[in-house]
Amino acid sequence: MAITESDTTSGGRSQAVDLAGPAESTDTVEPLDPESDETAAAGEFTHRQIMRVMSVLLVSLFVACISGTVISTALPTIVGDLGGQNQLAWVASAGLLTTTASTPLWGKLSDLYGRKRLFRVALILFAASSALAGLSQSMSQLIAARAAQGVGVGGITALTQAIMADVTTPRTRGRYSGWIGSAFGVATVAGPLIGGFLVGSEALGWRWCFYVGIPFAVAALVMVERVLKLPFVRREAHVDYLGAALITGAVTSVLLALSLGGQKWSWNSGTTYTLATLTLVLALGAVWQERRATQPILPPHLFRSRTFRLAGAGSFFVGFAMFGAMIYLPQYLQIVRGMSPTRSGLMTLPMVVGMLGASIVSGRLITRFGRWKGFPMVGLPLIATGLFLLSTLTVGTPLALAGAYMLVLGVGLGLSSQVLVLAIQNDVDKSDIGIATSAASFFRSMGGAVGVAVLGAILSNRLGAALPELMRERHVAPPAGGGLDRLLGSPSAIHGLDAPLRGVVLDAFTRGLHTVFLVAAPVTLLGFLAVLAIREVSLRGSEPAKASDTGLTTPRVRSTILGTRR
């Protein structure tokens, strides 16, 4: 059974080409695929067809997610090779900044110019920038390549959700959303393992941490051409370039302030105040422009929806907890417990398994019953509980118990993350699916960026207070010839300290991480209050996207009008 590609003009006439064979002279109805395990209602895609599309999306999403996790074990080696220790934070921050800033743009442009076309662009940009990152001869070149790579990642992650919304109804979408969460979970675990192997290999080295994603991107691109026959609805496009620039500038300014404030410059400094003022001015300018634009990048009418606002707030707090936990759990495992990066990645398996299992189970239950609100209502308190349990970790906590705490956190994330995206998609018109989906990803990424920055500042301040206090209590002399910053090196350097100093540093990190997780727990409950205030609407179950809305033709009826393949 073929998925056809159509071309609908602004006048409403639909032209389609049967990509599996020649066009016929009369409309014919195809029989249901006998190998499919379920029958689709008229006008809906079958499970087999959706899984073919999902195969493309999962490969693409995996390669996008792994690009951020595979370099975690390679950064010390990269700095040793290229130099520029003072620019290390930018290697990690550049991709996050551009991913978050570009996400709304990808969604809106895909609504105007078609999902498949933009998906191809995102994959090609990702592959090209990954190659440039691997070829970098300086930290400046690497940072620029990582920034470009982040733009490609933003497109892949945003359009994955939008394409899934195109081929499924809200009622059936829950069944497949768990697989989206699984791709992220697998990349979280596999990335550090692959990175550790590549860095330790004499034949490969750290540059292959960037090259390793290219074959996956190429494979995904080939699959896109062969499988993803998503048509494009021709619309009269008026791209809001000024709005795009203002939104991107505002997001970049606030993320720069949050990511580098307290590290590259003091919070109470002219740079911080300048960025805060710039953020405010650009944000006000974006609101003014979006209200007057013909086709705004982030349509103001979306914010008139109670569900959109509250589910977006919930996504923000889920991102705050999720990214915060994923950044600071390795600190505990590698510094406090002395694990290698590879082993610490394996230790996070309970969290990933909990996230994967909860995503799949909740998705199937949502498809069966058509209700979604109960899952984040359970999931968000579980996230808060998991974070509180993680705050009790010490140097001597049994690893099995730590794994159980991570499992609780993972189950909470699995019950909440994808479900909130689904709630937003169900609440908007089909013509706004792309931008609404991108907005959901944007809120979550912003929450992650804010979480990492705020929790990082808390950890730094706590360490600064705990180290001298513990030294005085234990009568331990500071390191010769330097300040306390010398105690906060790499995990291997910390574990190479003399026993008294090492004990002080490990206990200081334990106290700092205790505060980090303890602060994150009640913040997550703000997301619970936001979801609690949403009035649940049953998921649409028999209203698939129409060609006039999304450009998709139904799989069961082939149009007889001969068209021209683009």
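Residues numbered from 1 in each chain as written. Predicted model: local features only at pLDDT ≥ 70, side-chain atom pairs only at ≥ 80, totals over all residues. Heavy atoms only, no water.

Colleague: Sorry if this is basic, but what is going on with a nonpolar patch on the surface here?
Modeller: A contiguous nonpolar patch, built from F197, L204 and W208 and spanning about 310 Å² of accessible area, is present on the exposed surface. With respect to the secondary-structure elements, F197 resides in helix α6 (residues 170-200). (Patch = residues over 30% accessible without salt bridge, like charges linked within 9 Å, V, L, I, M, F, W, Y side chains within 5 Å. Areas by Shrake-Rupley, 256 points an atom, 1.4 Å probe, with all protein chains shown as cover. Salt bridge = Lys/Arg side-chain N within 4 Å of Asp/Glu carboxyl O. Helix = DSSP H or I, 4+ residues; strand = E, 2+ residues; numbered from the N terminus.)

Colleague: Explanation requested: the confidence of the model for the chain in the structure shown.
Modeller: For any part of a model where pLDDT is low, the fine detail of the predicted coordinates should not be relied upon. The predicted model of the chain averages 75 in pLDDT, with 78% of residues at 70 or higher. Ranking the elements of the chain by mean pLDDT puts strand β3 (residues 28-29) last with 32 and helix α14 (residues 374-390) first with 93. (pLDDT = per-residue confidence, 0-100.)

Colleague: Which parts of the structure should I look at to understand the packing of α14 against helix α18 (residues 499-532)?
Modeller: What describes two packed helices is the angle between their axes and the distance between those same axes. It is at 8 Å that the axes of α14 and α18 come closest, and there the two elements cross at 170°. Here α18 runs roughly antiparallel to α14, going by the angle between their axes. Between α14, through P376, M377, L380, P381, I383, A384, L387, F388 and L390, and α18, the contact on the second element is made entirely by F517, L518, A520, A521, T524, L525, G527, F528, V531 and L532. Class assignment for the residues of the contact of α14 with α18 results in 17 nonpolar, two polar and no charged. (Axes fitted to C-alpha atoms, helices over the stretch in contact; angles between N-to-C directions. Parallel < 35°, antiparallel > 145°, perpendicular 65-115°, else oblique. Contact = heavy atoms within 4.5 Å. Nonpolar A, V, L, I, M, F, W, Y, C, P; charged D, E, K, R; others polar.)

Colleague: I tried to follow the nonpolar core on my own but got confused; where do I start?
Modeller: Side chains of a nonpolar character, in soluble globular proteins, are inclined to be buried together. Ranked by size, the top nonpolar core spans 100 residues in total, and within it W372, L387, L390, M406, L409 and F517 carry the most contacts. For this core, the leading source of residues is helix α16 (residues 433-474), giving 19 residues. Setting aside anything within four residues of it in sequence, one finds L409 in contact with A325, M351, I383, G386, L387 and L390. Listed in part, the 51 residues of the second largest apolar core include V70, I71, V91 and Y176. (Core = buried A, V, L, I, M, F, W, Y, C linked by side-chain atoms within 4.5 Å. Buried < 20%, exposed > 50% of the residue type's maximum accessible area, 1.4 Å probe, protein only.)

Colleague: Explain the packing of aromatic side chains here, please?
Modeller: Two measures describe an aromatic ring pair: the distance that separates the ring centres and the angle between the ring planes. Tallied over the full model, the rule gives seven aromatic pairs. Each ring, one from W206 and one from F210, has its centre 6.2 Å from the other, and the planes form 90°; the classification is edge-to-face. In this structure, W206 and F210 share a single accessibility class: buried. Between F308 and F443, the aromatic rings sit 5.8 Å apart at their centres with planes inclined by 65°, giving edge-to-face as the arrangement. Separated by 135 residues along the polypeptide, F308 in helix α11 (residues 306-336) and F443 in helix α16 bring together distant segments of the chain. What makes F308 buried here is its relative accessible area of 1%. Grouping aromatic residues by their ring pairs yields a cluster made of F303, F308, F442 and F443. (Phe/Tyr/Trp six-rings, centres within 6.5 Å; stacked < 30°, edge-to-face > 60°.)

Colleague: For this particular structure, what's the right way to read the side chain of E290?
Modeller: For E290, the position within the fold is in helix α10 (residues 270-292). Excluding anything up to four places from it in sequence, E290 contacts D240, G243, I247, P296, I297, L298 and P300.

Colleague: What am I meant to see in the pattern of salt bridges here?
Modeller: Think of it this way: side chains of opposite charge can pair up when their charged atoms draw near. Tallied over the full model, the rule gives three salt bridges. When the shortest N-O distance is used, the salt bridge between E536 and R371 registers 3.9 Å. Residue E536 is found in the loop between α18 and α19 (547-550), and its partner R371 is found in the loop between α13 (349-369) and α14; the two are separated by 165 residues along the sequence. Owing to a relative accessible area of 42%, R371 belongs among the partly exposed residues under this scheme. Between D507 and R474 there is a salt bridge; the shortest N-O distance is 2.3 Å. With D507 in helix α18 and R474 in helix α16, the pair connects residues that are 33 residues apart, well separated along the chain.

Colleague: What is the right way to read the packing of α11 against helix α15 (residues 399-427) from this model?
Modeller: Contact pair α11 / α15: the axes reach a minimum separation of 9 Å and the direction vectors enclose 150°. With respect to α15, the axis of α11 lies roughly antiparallel. Judged by the twist between their axes, the crossing of α11 over α15 is left-handed. Across the interface between the two elements, T307, F308, A311, G312, G314, S315, V318, M322, A325, L329 and L333 of α11 pack against M406, L409, L413, S416, S417, L420, A423, I424 and D427 of α15. For the contact of α11 with α15, the residue count by class is 13 nonpolar, six polar and one charged. (Left-handed = near helix turned anticlockwise from the far one by under 90°.)

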